[in-house]
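This is what each chain is made of:
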Amino acid sequence: MDKAPSFFNPISTPHAELVRNIQEMMSKIVRETYEVPETCSSSTDLAGTIFSIAGEMCALDLAQMKELDTEVQRFMEVRHKEAILTSQYLFYDILAMIGTNPSISYIKTLIESDKIPRQYAPDIIESALKSTRTPTPELFNLVFTMIKSLKTKSPQLFAVSAVTFSDLLHRACVNPSSMVAQFPVHVYGNFCSPETPFIEDQYIPYLESQIQGGGPGAKSDKIVVINALGKTGHYRAVDSLVKVIEGTPASETMVRSLAVYALKRAAVQYPSKVKPILMSIINNPGMDYVFDQVMNKLGLKETASPEVSAELKKIEQKLQIKPRVMPEPELSMKVKFMGLERIFSLDSKFYMETIQKVAEKLRSSPKSCLTDFPSNTPRPELH
């Protein structure tokens, strides 16, 4: 974790000269930004300069990065306060862009020592984990240690680091396409896989234990952990998310709905495992209440106000609207064929009562065919 990465074309520039070049380039950026801001975007390629600095810093190990940080701060002390802060933030941003193991190790040290301001720390952590180049087991353990230390120190940093780290595990270990496209597996081989012991035995069990926690802020913590589990896209996370969906442990409706959404990545990687779960949720009548509550929370479905309910009741009374409820027959037979269930009544009394009611309605109608018979013609009787 502390050593600089190896290159196919070794950098022959001496370390002292390398540090001096980085200092000069950073000083140039800060100077042009504050002294001649009207020309900094037109005469100088700032993005290209920053990219050059990042390329130079890739060859540094952990000790050299610490030394460079000290030298940059000392070099910028002669300038005003805003320039000093800008140079520090610029250095941290470039440090996060590098993505080497020594840079991430140094960022962890800076975060834990509060040298990076809290308002910038989430962006630095997210950028560093997204820029990771060699996701080795040592790096996983290092980041995992940082995540656990941030749990009680800063909920915001814990949320960012946990979700971004889960995304890194998905890209490097679970998703086959990103595993090859985003990491040098053709040179070093696969760094990890879904069966990596760190994922199955350490990280996912840790997230599962956090779901069981309670106390103040438990809801927000559950949402973060559920998102982190979903971001991994790992088959082991599916069982934990299903427990949340089922309400074990007891969770609010919104938390359970987020757990359903968190199955998205796992459904892509393991459709045979996740599809039956989703279909059972869709076909479960007991879940209607859950989704109704979700719609209410989102403001997409609301219950009628008392005023609206009163007006609807008046309309029902005026129009004499009655619910269309048919009495169930005393005897019926259920026939199920090809997944379709039909009910056939075997109650003759039920049928006769229905026919009698229809006949009475027809007789009372002025245009009924039953009233058109001559007076001397006997009316048909229904049996």
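What counts, and where the lines are drawn
Residue positions within a chain follow its written sequence, with the count starting from 1. Whole-chain, interface and lining totals are the exception, using all residues; otherwise, since this is a predicted model, local features are given only for residues with pLDDT of at least 70 and side-chain atom pairs are given and counted only at 80 or more. Water and hydrogen atoms play no part in the side-chain values, which are based on all heavy atoms of the structure. Any two rings among Phe, Tyr and Trp, with Trp reduced to its six-membered ring, count as a pair given centres within 6.5 Å; such a pair is stacked if its planes are under 30 degrees apart, edge-to-face if over 60, and tilted if neither. Think of it this way: any DSSP run of H or I at least four residues long counts as a helix, any run of E at least two long counts as a strand, and we number them from the N terminus. Only protein chains enter the accessibility calculation, which uses a 1.4 Å probe; a residue is then buried when its area is under 20% of its type maximum, exposed when over 50%, and partly exposed in between. The rule is short: NZ of Lys or CZ of Arg within 6 Å of the ring centre and within 35 degrees of the ring normal puts a charge over the ring. Inter-axis angles, ranging from 0 to 180 degrees, are taken between N-to-C directions of lines fitted to C-alpha atoms, where helices are fitted over the stretch in contact. The labels follow the angle: roughly parallel below 35 degrees, roughly antiparallel above 145, roughly perpendicular from 65 to 115, and oblique for the rest. Should the near helix be turned counterclockwise from the far one by less than a right angle, the crossing is left-handed, whereas a clockwise turn marks it as right-handed. Contacts are assigned to residue pairs with any non-hydrogen atoms lying within 4.5 Å of each other. Residue type decides the class: Asp, Glu, Lys and Arg count as charged, Ala, Val, Leu, Ile, Met, Phe, Trp, Tyr, Cys and Pro as nonpolar, and the leftover types, Gly among them, as polar. Residues belong to a common nonpolar core when they are buried Ala, Val, Leu, Ile, Met, Phe, Trp, Tyr or Cys residues joined through side-chain atoms within 4.5 Å.

- As annotated in an unreviewed UniProt entry, the protein is Vitellogenin domain-containing protein from Caligus rogercresseyi.

### Side note on the packing of aromatic side chains
Right, so step 1: Counted by the stated rule, this structure contains twelve aromatic pairs.
Right, so step 2: Aromatic side chains Tyr-89 and Tyr-120 sit 4.2 Å apart centroid to centroid with 35° between the ring planes, which places their arrangement in the tilted category. Here Tyr-120 lies in the loop between helix H6 (101-112) and helix H7 (121-130) and Tyr-89 lies in helix H5 (residues 81-98), a separation of 31 residues in the sequence.
Right, so step 3: Taking relative accessible area as the criterion, Tyr-120 reaches 35% and is therefore assigned partly exposed.
Right, so step 4: Ring geometry for Phe-144 versus Phe-198: centroids 5.6 Å apart, planes at 85°, classification edge-to-face. Of the two residues, Phe-144 is situated in helix H8 (residues 137-153) and Phe-198 in helix H12 (residues 197-211); the sequence distance between them amounts to 54 residues. The burial state of Phe-144 is the same as that of Phe-198; both residues are buried.
Right, so step 5: Sitting over the face of the ring of Phe-158, Lys-151 holds its NZ or CZ atom 5.5 Å from the ring centroid.

### Regarding the packing of H8 against helix H9 (residues 155-174)
In a pair of packed helices, the angle between the axes and the distance between the axes together describe the arrangement.
Right, so step 1: Running from amino to carboxyl end, H8 crosses H9 at an angle of 155°, the nearest separation of the two axes being 7 Å. As far as their axial angle goes, H9 and H8 are roughly antiparallel. Pair H8 / H9 crosses with left-handed handedness. Judged by residue contacts, Phe-140, Val-143, Met-146, Ile-147, Leu-150, Lys-151 and Lys-153 of H8 engage Pro-155, Leu-157, Phe-158, Ser-161, Ala-162, Phe-165, Leu-168, Leu-169 and Cys-173 from H9.
Right, so step 2: Residue composition of the contact of H8 with H9, by class: 13 nonpolar, one polar and two charged.

### Notes on the nonpolar core
Right, so step 1: Among the nonpolar cores identified, the biggest contains 82 residues, and Met-57, Leu-95, Phe-165 and Tyr-203 are the most heavily contacted of them.
Right, so step 2: It is H9 that provides the largest number of residues to this core, a total of ten residues.
Right, so step 3: Leave out the neighbours within four places in its chain, and Met-57 touches Ile-22, Met-65, Leu-68, Phe-91, Ile-94, Leu-95 and Ile-98.

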